[in-house]
Amino acid sequence: MASFNEEIINMATTNGATLIARSLKQQGVDYMFGIVGFPVVPIAIAAQNEGITFIGMRNEQAASYATQAAGYLLGRPQACLVVSGPGVIHALSGLANAQQNNWPMVLLGGANRLDQNGMGAFQEERQVLATTPFTKYSHVVERVDRIPFYVEQAVRTAWYGRPGATYLDLPDDVILGEIDEGQVHMAATIPPPPVSQASDVDVQSALAALRTAERPLVIVGKGMAWSRAEAEVRAFIDTTGLPFLNSPMGKGVMSDDHPLTVGAARSHALKEADLIMVLGARLNWIMHFGKAPRFNPGVRVIQLDISAEQLSTNVPTEVGLVGDGKAVMAQLNKALAADAWSYPADTPWRQSIAAKIESNRVSMETMAADDTAPMNYYRAFRDIKEAIPRNAIIVSEGANTMDIGRTQLNNAEPRTRLDAGSYGTMGVGFGFAVAAAVVQHERPVVSVSGDSAFGFSGMELETICRYDLPITTIVLNNGGIGGGFENWPADRPLPPSSLSRTARYEKVIEAFGGQGYYVEDPADLRPTLDKALSSGKPSVVHVLIAARADRKPQEFSWKT
Ligand code: ADP
Ligand code: MG
């Protein structure tokens, strides 16, 4: 009897789909976002059987955005599953966005049977070629028995070093292929990335450079959020007393209400600093390339990054700290403990920042107090800011909505802001919000979007309602891309940037069973937000904004 059972066990077979799911689960993939169809349905089912949560979305683009936000929030890569051809092509947007933001994700694309390659198979596409410019690693899985090997490569490459996107091409016959359990060789389980440190010489040089600065400024970027360096960065700022600026998604590593933030005097601080200490951020367009006129032409740079290639990009680095953000900040703190130093409490630099913060505060409060309908942005954000719970994840996209929102909405905790990011991608909001609500259900999720940004992935409201995710989406509608046009003459062609001013975005969610609210009168905004946020239900709060509502006057245009 025993030998008969053994024979059955020995003869047991498994298939490609199961081996893919089992390998992903083994490598720490707990979530899979995607859209099923030929030939990937068996993978999604196998994933559920292996204990992976599958979230089915409405467009591969949004699914790929969701996957990378989940990876960023969880600190390890998650998976996106899409069909062959158009499915993979739609997901390219997500690969590109993940690469540009240095967020990890693994894309799994179905493909035609290997023996139909080149024949014009259903949805045949050169997917490895197409994904290569947007990934760190892209490969065909050509045999069932090599699945564990390739999954390990894809997850590890996305995760280790500077994070990014990877791709696996999964032909139909590999997904359906059978293999004896006895022939399966699982790969080693990937340990968390090895932690690299800066050299002691560079740590000492960085502290020595700081001591010689008259107008130092620390810039905290999302590399610090990714490396979970919040405790170390907070200790460093509190010990040194250095003024700091959060990058858009670095917000919350240091709380926006910390007394040393220069957030409300950003332009002034960047322009006048004689030394910047850039922690896990890039001197790209978001940081105005580190160049004049936005920066002091001779600005000195200390730069911490996991990627040595990043140093000296656009501005020569004086001291480079190459290593993991959390580990290098701990090195700096240790060196400071041995040889204490702090930036003096009363300097002309601190006074000039404080004066600028005060004058900006007065001009913003004047705009925020304006109760004219339709509202201006500052008036709308005044109520939104007060209504959003402190531990919420804030998702934000749009032109003015995102730019002004970034300055008006506070983040107190790390990794609580997800926005259009380094690539400036509009349409990420719904995918990010879904991911946040799925992987961090203990936090409220509030998505603040412009009317244009809403349109890119608006159908994901069905996903949100289907899974009953308690996401509050606030749409600030100015009737256009960057702004609309009131009373446009009917006999003239519509301006390219115009969108429907009379659209009722809140009704879209009602069609799927969620709650919609529409606000025109500023007096109704706060009570409506409170109702939506406390409902615990999927909701859309549609807020009409003046078509030409603008920001407070800016000294520089955004691309300088
Ligand atoms: P931000 O948008 O906040 O400026 P960027 O995406 O431009 O941020 O830059 C983040 C930087 O953080 C990248 O250059 C990336 O290499 C770096 N980085 C990523 N992971 C780590 C890490 N573990 N430690 C330190 N730096 C990191
Ligand atoms: Mg708009």
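The coordinates are above.
What this report covers is the structure whose coordinates are included nearby. (Residues numbered from 1 in each chain as written. Chains lettered and ligands numbered in written order. Predicted model: local features only at pLDDT ≥ 70, side-chain atom pairs only at ≥ 80, totals over all residues. Heavy atoms only, no water.)

### Details of the overall build of the protein chain
- Helices and strands together make up the secondary structure of the protein chain, namely 21 helices and 19 strands.
- Relative to the 2.2 N^0.38 estimate, which gives 24 Å for 560 residues, the radius of gyration of the protein chain is 25 Å and therefore close to what a compact globule would have.
- Projected onto its principal axes, the C-alpha positions of the protein chain cover 85 × 70 × 45 Å.
- Burial statistics for the protein chain: of 560 residues in total, 57% are counted as buried.
- Put simply, the protein chain has 48 plus and 58 minus side-chain charges, and the middle of one group is 6 Å from the middle of the other. (Helix = DSSP H or I, 4+ residues; strand = E, 2+ residues; numbered from the N terminus. Rg over C-alpha atoms; globule rule 2.2 N^0.38 Å. Buried < 20%, exposed > 50% of the residue type's maximum accessible area, 1.4 Å probe, protein only. Lys, Arg positive; Asp, Glu negative; His and termini not counted. Charge placed at Lys NZ, Arg CZ, Asp CG, Glu CD.)

### Side note on the site of ligand 1
- Taken together, the neighbourhood of ligand 1 is formed by 22 residues, with R162, S247, R282, D305 and G325 sitting nearest.
- In the environment of ligand 1, an oxygen atom lies 2.7 Å from a nitrogen or oxygen atom belonging to the side chain of R162.
- Take R282: an N or O atom from its side chain is 2.7 Å from an oxygen atom of ligand 1.
- In isolation ligand 1 has 580 Å² of accessible area, and contact with the protein removes 98% of it.
- Using a 2 Å cut-off from the grid points, one finds that ligand 1 occupies the second largest pocket.
- When contributions to the shell around ligand 1 are tallied by element, the ones reaching two or more residues are α10 (222–226) and β12 (300–305).
- Element by element, the count of residues in the shell around ligand 1 is highest for α10, at 3 residues.
- By residue class, the composition of the shell around ligand 1 is 5 nonpolar, 12 polar and 5 charged. (Near = heavy atom within 4 Å. Polar contact = N/O pair within 3.5 Å; in protein donor to acceptor, adjacent residues only side chain to side chain. Areas by Shrake-Rupley, 256 points an atom, 1.4 Å probe, with all protein chains shown as cover. 1 Å grid on protein atoms, 1.4 Å probe; cavity = no way out; pocket = protein on both sides within 12 Å on 5 of 7 lines; lining within 4 Å. Sits in = over half its atoms within 2 Å of the grid points. Nonpolar A, V, L, I, M, F, W, Y, C, P; charged D, E, K, R; others polar.)

### Description of the layout of surface pockets
- In this structure, the second largest pocket spans a volume of roughly 740 Å³.
- In terms of lining, the second largest pocket is formed by 39 residues, of which the most central are P163, K222, G223, W226 and S227.
- When residues of the lining of the second largest pocket are traced back to their parent elements, those giving at least two are α10, β12 and α13 (325–338).
- Per-element tally for the lining of the second largest pocket: the top contributor is α10, with 4 residues. (Points joined across faces, edges and corners; volume = space filled by probe spheres on them.)

### Quick look at the coordination of the magnesium ion (ligand 2)
- Here the magnesium ion (ligand 2) is held by the protein donor atoms D451 (OD), N478 (OD1) and G480 (O), which lie 2.1 Å from it.
- As a motif over one chain, the donors of the magnesium ion (ligand 2) read D-x26-N-x1-G. Here the residue D451 occupies a position in helix α18 (residues 451–456), and N478 occupies one in the loop between β17 (471–477) and α20 (506–511), the gap between them amounting to 27 residues.
- The class for D451 is buried, based on a relative accessible area of 4%.
- Take N478: its relative accessible area is 2%, and that puts it in the buried class. (Donors = N, O, S within 2.8 Å, 3.2 Å for Na, K, Ca; no water.)

### Things to note about the packing of helix α9 (residues 200–211) against α13
- Between α9 and α13, whose axes approach to 10 Å, the crossing angle comes to 65 degrees. The angle between α9 and α13 places the two elements in the roughly perpendicular class. The handedness of the crossing between α9 and α13 is right-handed. Across the interface between the two elements, D200, V203, Q204, A206 and L207 from α9 touch Q331, L332, A335 and L336 from α13.
- Taken together, the residues that form the contact of α9 with α13 break down as 6 nonpolar, 2 polar and 1 charged. (Axes fitted to C-alpha atoms, helices over the stretch in contact; angles between N-to-C directions. Parallel < 35°, antiparallel > 145°, perpendicular 65-115°, else oblique. Left-handed = near helix turned anticlockwise from the far one by under 90°. Contact = heavy atoms within 4.5 Å.)

### Observations concerning the packing of aromatic side chains
- Taken as a whole and judged by the stated rule, the model has 9 aromatic pairs.
- Consider the rings of Y72 and W103, whose centres lie 4.3 Å apart with planes at 15 degrees: the pair is stacked. In this pair, Y72 sits in helix α4 (residues 60–74) while W103 sits in the loop between α5 (86–101) and β5 (105–111), placing the two residues 31 residues apart along the sequence. The residues Y72 and W103 share a single accessibility class, namely buried.
- Geometrically, the ring pair formed by F149 and Y150 is edge-to-face, given 5.1 Å between the ring centres and 75 degrees between the ring planes.
- Taking relative accessible area as the criterion, Y150 reaches 3% and is therefore assigned buried.
- A network of ring pairs unites the aromatic residues Y65, Y72, W103 and F432 as a single cluster.
- The lysine or arginine in question, R146, covers the ring of F149, its NZ or CZ lying 4.6 Å from the ring centre.
- The cationic tip of R548 hangs over the ring face of F485; the distance from NZ or CZ to the ring centre is 4.8 Å. (Phe/Tyr/Trp six-rings, centres within 6.5 Å; stacked < 30°, edge-to-face > 60°. Lys NZ or Arg CZ within 6 Å of the ring centre and 35° of its normal.)

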